[in-house]
Amino acid sequence: MGKLNQVADGVWVRQSEWVWANSIAVRGEDGLILIDPGIDGSELNQLADDVDRLGIPVVGGFSTHPHWDHLLWHPRFGDVPRYATPAAAHVASQARERAQAMAAESASGIPLDLVALVTPLPADGGPVPGEIIEHQAHAVGHAAVLLADRGVLLAGDMLSDVLIPLFDFRQDDQVGAYEAALDRLGEAAGHVDVVVPGHGAVAEGPEVAARLAADHAYIDALRRGEEPVDARLGPHADWLSGPHRSNLEQARGR
């Protein structure tokens, strides 16, 4: 934790102590795009130090989805455009005060005035390199970023080794949404050797397929009405028991 590590050509990752959240820097044509930077103000400041050492200007930001921990920013990153998918940007705008309150409650030193200031990503992707893979699992307008030329998939809050699939209680049929999303991510994963989740360890080589298999197995069990057997659950992860029960209830139509 606490260091900006290069995981592929022009792709760097820094992991936070808060739920193993990953801040990602990607070199684009004109400079760096910061994806989901976080979490505490001190970590944002350290990320700014790391970016300064790269010597590449920040030209934009991108939020993979409209949850507060993916909508953060710091003045040292600059007054540059920050994007999300149009659906995610709409939700972020509508829920900005809630995101600010959750940020203030869950972390410290966050510049609250900069939370959730994202605009719709243009159809051509603007400065964000790669292919945007949008789906409705986990959150409205959730997006992964496929950097096929670098063999990297930035998965947002999917394909984690520490988080089970987490449903968006505001959307119906999250089981179906996850199945569709995992099919699309599985197709994208065929072009990569590295997957960077929003939370947890970076997956490389055979671990990429293992991440997909774990999420598929969890969702398949819910589809069958069964209790998943998942290494991410258990006494070591009591904090996931609540979200897991909520997933079960939604899958069973309660």
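Residues numbered from 1 in each chain as written. Predicted model: local features only at pLDDT ≥ 70, side-chain atom pairs only at ≥ 80, totals over all residues. Heavy atoms only, no water.

## Regarding the sheet that holds strand E2 (residues 11–15)
Worth spelling out the cut-off: Strand pairing is defined by DSSP finding a minimum of two bridges between the two strands. A run of H or I in DSSP becomes a helix once it reaches four residues, and a run of E becomes a strand once it reaches two; helices and strands are each numbered from the N terminus. For this analysis, residues touch if any pair of their heavy atoms sits within 4.5 Å. Note on method: axes are straight lines fitted to C-alpha atoms, helices fitted across the in-contact stretch only, with angles between N-to-C directions ranging 0 to 180 degrees.
Taken in spatial order, the seven strands line up as E1-E2-E3-E4-E5-E6-E7 in an open sheet, and their pairing is mixed. Unpaired on one side and paired on the other, strand E1 (5–8) and strand E7 (119–120) mark the two borders of the sheet. Judged from the four bridges that link them, strand E4 (residues 32–35) and strand E5 (residues 58–62) form a sheet pairing that is parallel. From the neighbouring strand, Leu32 faces E5, where its bridge partner is Val58. Each of E2, strand E3 (22–27), E4 and E5 is contacted by helix H1 (residues 41–54), which is oriented at about 155° to E2, the strand it contacts most.

## Here's the deal with the sheet that holds strand E11 (residues 194–197)
Within a sheet, neighbouring strands are paired by backbone hydrogen bonds and run either parallel or antiparallel to one another. Taken in spatial order, the five strands line up as E8-E9-E10-E11-E12 in an open sheet, and their pairing is mixed. Two strands bound the open sheet, and with one partner strand each, they are strand E8 (131–135) and strand E12 (203–204). Note that E11 and E12 share two bridges and pair antiparallel. Its bridge partner lying in E12, Val195 is registered against Ala203.

## Some details on unusual backbone geometry
The linkage connecting Gly38 with the following residue, Ile39, adopts the cis geometry, with an omega of 5°. A positive phi angle, close to 50°, is found at Trp20, a residue other than glycine. Along the polypeptide, Trp20 turns up in the loop between E2 and E3. One non-glycine residue, Asp173, adopts positive backbone phi at about 50°. Inspection of the secondary structure assignment puts Asp173 in the loop between strand E10 (152–156) and helix H4 (174–189).

## Digging into the pairing of E5
Remember that side chains alternate between the two faces of the sheet whenever the strand is regular. Operational definition: Summary of the burial criterion: residues with accessible area below 20% of their type's maximum are buried, those above 50% are exposed, and those between are partly exposed, where the area comes from a 1.4 Å probe applied to protein chains only. We call a crossover right-handed when, viewed with the strands running away from us, the connection from the first strand over the helix to the second turns clockwise.
Counting buried residues in E5 gives four out of five residues, a clear majority hidden from the surface. With H1 bridging E4 and its parallel neighbour E5, the resulting β-α-β unit is right-handed. Here two bridges tie E5 to strand E6 (residues 82–84), and the two strands are oriented parallel to one another. Across the sheet, Gly61 pairs through a bridge with Arg82, a residue of E6.

## Some words on helix H2 (residues 86–94)
Stated formally: Taking the helix axis as origin, the arc is that swept by the directions to the C-beta atoms.
For H2, every residue scored as buried is listed here: Ala88, Ala89, Val91 and Ala92. Looking straight down H2, one finds its buried side chains confined to an arc of 165°; they lie on one side. Next to the buried residues of H2 lie E6, helix H3 (96–106) and E7.

## Quick notes on the nonpolar core
Heads up, the rule is: Nonpolar core, defined: a set of buried Ala, Val, Leu, Ile, Met, Phe, Trp, Tyr and Cys residues in which side-chain atoms within 4.5 Å join the residues together.
In this structure, Leu153, Met158, Leu159, Leu185 and Val195 are the most contacted members of the largest nonpolar core, which totals 33 residues. Mapped by element, the contributors of at least two residues to this core are strand E9 (142–147), E10, H4 and helix H5 (206–223). For this core, the leading source of residues is H4, giving eight residues. Those residues in contact with Leu153, other than ones at most four positions away along the chain, are Ile133, Ala144, Val145, Leu146, Leu159, Leu185, Ala188, Val192, Val194, Val195 and Val196. Ile35, Val128, Val152 and Leu154 belong to the second-largest nonpolar core, a separate cluster that totals 18 residues.

## Here we look at the packing of aromatic side chains
For any pair of aromatic rings, the description consists of the separation of the ring centres together with the inter-plane angle of the planes. Put simply, the rule reads: Aromatic contacts are taken between Phe, Tyr and Trp rings whose centres are within 6.5 Å, Trp giving its six-membered ring; a plane angle under 30 degrees counts as stacked, one over 60 as edge-to-face, and the others as tilted.
Throughout the structure, instances matching the rule amount to four aromatic pairs. Summarising the aromatic geometry, the rings of Trp73 and Phe77 are spaced 5.0 Å apart at their centres and angled 75° between planes, so their arrangement reads as edge-to-face. This pair shows no difference in class: Trp73 is buried, exactly as Phe77 is. A centroid spacing of 5.5 Å and a plane angle of 40° characterise the contact between Phe167 and Tyr178, whose relative ring orientation is tilted. Taken together, the residues Phe167 in the loop between E10 and H4 and Tyr178 in helix H4 connect sequence positions eleven residues apart. Of the two residues examined, Phe167 and Tyr178, each falls in the buried class.

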